[in-house]
Amino acid sequence: MIGNILVCFLLQVAFTAGLIILFGFLIALCNKKFYANFGNYGRTVCYISGAIGTPLHECAHALFCLIFGHKINQIKLFQISSDDGTLGFVSHSYNRRNIYQRIGNFFIGIAPIVVISSVLYLLAWLLWPDFVAQVKGSFQISDFATDIVGIFEDIFKLVITFFSCAATWQWWLFVIIGMFLALHMTLSAADIKGALDGIVFLLIATLAVDVILGIISDSLLTVFTQKVLYIAGYLLCFLTLSLIISIVAVVISYMFRKIKI
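What this report covers is the structure whose coordinates are included nearby. Since this is a predicted model, take the numbers as computed values, not measurements.

## Concerning the overall build of the protein chain
Then step 1. Looking only at helices and strands, the protein chain features ten helices and two strands.
Then step 2. Put simply, 78% of the contacts in the protein chain that link residues at least 6 apart link residues at least 24 apart.
Then step 3. Accessible area for the protein chain stands at about 13,400 Å²; split by element, carbon and sulfur atoms hold 70% of it.

Structure below.
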C-alpha cells in the first residue's frame, strides 16, 4: 500500500507541476534568447509585444487570485516603467493560515503559463484543427513517462510539420498572435517566489489526499491518479504548442540578427 501511494504521488506531481516547471523553463530560455537576438532593439520589441501579452499575463494572475480567494489590492495590466522594467503587476493579499489560499500561491504564480498556453491551444484549434489533433495524438503521458527522449524527438518533428504550413494564412496569423502572447509567458522573480511558497502546501495536500485514498482502497487511488494523468495529457498538449511557438520566435529573431549583421 505504501509503495502504491508513493508511486501515485510521484506520478501526479511529475506530470502536473513537473511539466509546468520543465516547459516553463524551456520557454523562458527561448524568450530570453529571442530578446537577446534583437540586441539594442530588445527592449522596444518587449514593449510592443507586451502591449498585448502583458495584459493577458496579469489577467491570468488575477483569475487565479479570485479562484483561490485572494484579495486583489491593485492591478496594472500594462505600463512602461523606466525604473525596473516591470510591464504589469497584480498585488494581492491572503490569509496565511488558510491552507487553500497558501496552495493558491503556486497556481497564481504559474498562472500565465497555464492560461496563455490554453489560449494558444484554442487559437490553434480554431485555425488548424488537424494540426492540433496531430499534437494531441503524438503525446501520451505513458510515452512521456517511459521515453522522454522520444517525446522531444516528436516535438522536433512537430516543429518541422509546423513550418511546412508556412505558406498558409492560418500559419502567419497564429505565429503573429502566438508570439505576442508566448513572449510574455515567462514568470517574473516575484511569480516564482510566490509559486515556491505555494508548492510546499500543494505537495503536502496532494500527499494527504493520496494517503487517505490509499487507506480506503488501492484501486480508488489508482483511478484518481489515472484521472489526474488524463488531465495532464491536455496540459502536455497546451505546453507543447507554447514551446513550438517559442522556438519559432527564436528562429525569427535569428533571421533578424543575420539581416542586421
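## As for the nonpolar core
Then step 1. Ranked by internal contacts, the top residues of the largest apolar core, which has 64 residues, are Phe34, Phe131, Phe162, Phe174 and Ile245.
Then step 2. Those elements that provide at least two residues to this core are helix H2 (17-37), helix H3 (42-67), helix H4 (99-127), helix H5 (129-138), helix H7 (148-164), helix H8 (169-182), helix H9 (189-216) and helix H10 (218-260).
Then step 3. Ignoring any residue separated from it by four or fewer positions in sequence, one finds Phe34 in contact with Val45, Met179, Leu183, Ala249, Val250 and Ser253.

## As for the environment of Ala205
Then step 1. Tracing the backbone shows Ala205 in helix H9.
Then step 2. The exposure class assigned to Ala205 is partly exposed, which follows from its relative accessible area of 27%.
Then step 3. Remark: the alpha-carbon pair of Ala205 and Tyr100, spanning 105 residues in sequence, is separated by 9.2 Å.

## Quick look at the side chain of Gln170
Then step 1. In this structure, Gln170 sits in helix H8.
Then step 2. If we skip the residues at most four places from it in the chain, Gln170 touches Leu127 and Trp128.

## So, H8
Then step 1. Relative to the 20 Å expected for 14 residues at 1.5 Å per residue, H8 spans 19 Å between its end C-alpha atoms, a close match to the ideal helical length.
Then step 2. The complete set of buried residues in H8 reads Gln170, Trp171, Phe174, Val175, Gly178, Met179, Leu181 and Ala182. Looking straight down H8, one finds that the buried residues subtend no more than 160 degrees of arc, so they occupy a single side.

## Regarding the packing of helix H1 (residues 2-14) against H9
Then step 1. Two elements in contact, H1 and H9, have axes whose closest approach is 10 Å; the angle formed by their N-to-C orientations is 140 degrees. The pairing of H1 with H9 is recorded here as oblique in orientation. Along this stretch, H1 crosses H9, giving a crossing that reads as right-handed. In this structure, H1 contributes Ile5, Cys8, Phe9, Gln12 and Val13 to the contact, and H9 contributes Leu203, Thr206, Leu207, Asp210, Val211 and Gly214.

Rules used in this analysis
Residues numbered from 1 in each chain as written. Predicted model: local features only at pLDDT ≥ 70, side-chain atom pairs only at ≥ 80, totals over all residues. Heavy atoms only, no water. Helix = DSSP H or I, 4+ residues; strand = E, 2+ residues; numbered from the N terminus. Contact = heavy atoms within 4.5 Å. Areas by Shrake-Rupley, 256 points an atom, 1.4 Å probe, with all protein chains shown as cover. Core = buried A, V, L, I, M, F, W, Y, C linked by side-chain atoms within 4.5 Å. Buried < 20%, exposed > 50% of the residue type's maximum accessible area, 1.4 Å probe, protein only. Expected span 1.5 Å × (residues − 1). Arc of directions from axis to C-beta. Axes fitted to C-alpha atoms, helices over the stretch in contact; angles between N-to-C directions. Parallel < 35°, antiparallel > 145°, perpendicular 65-115°, else oblique. Left-handed = near helix turned anticlockwise from the far one by under 90°.

Treat this as a map of the structure, not an account of what it does.
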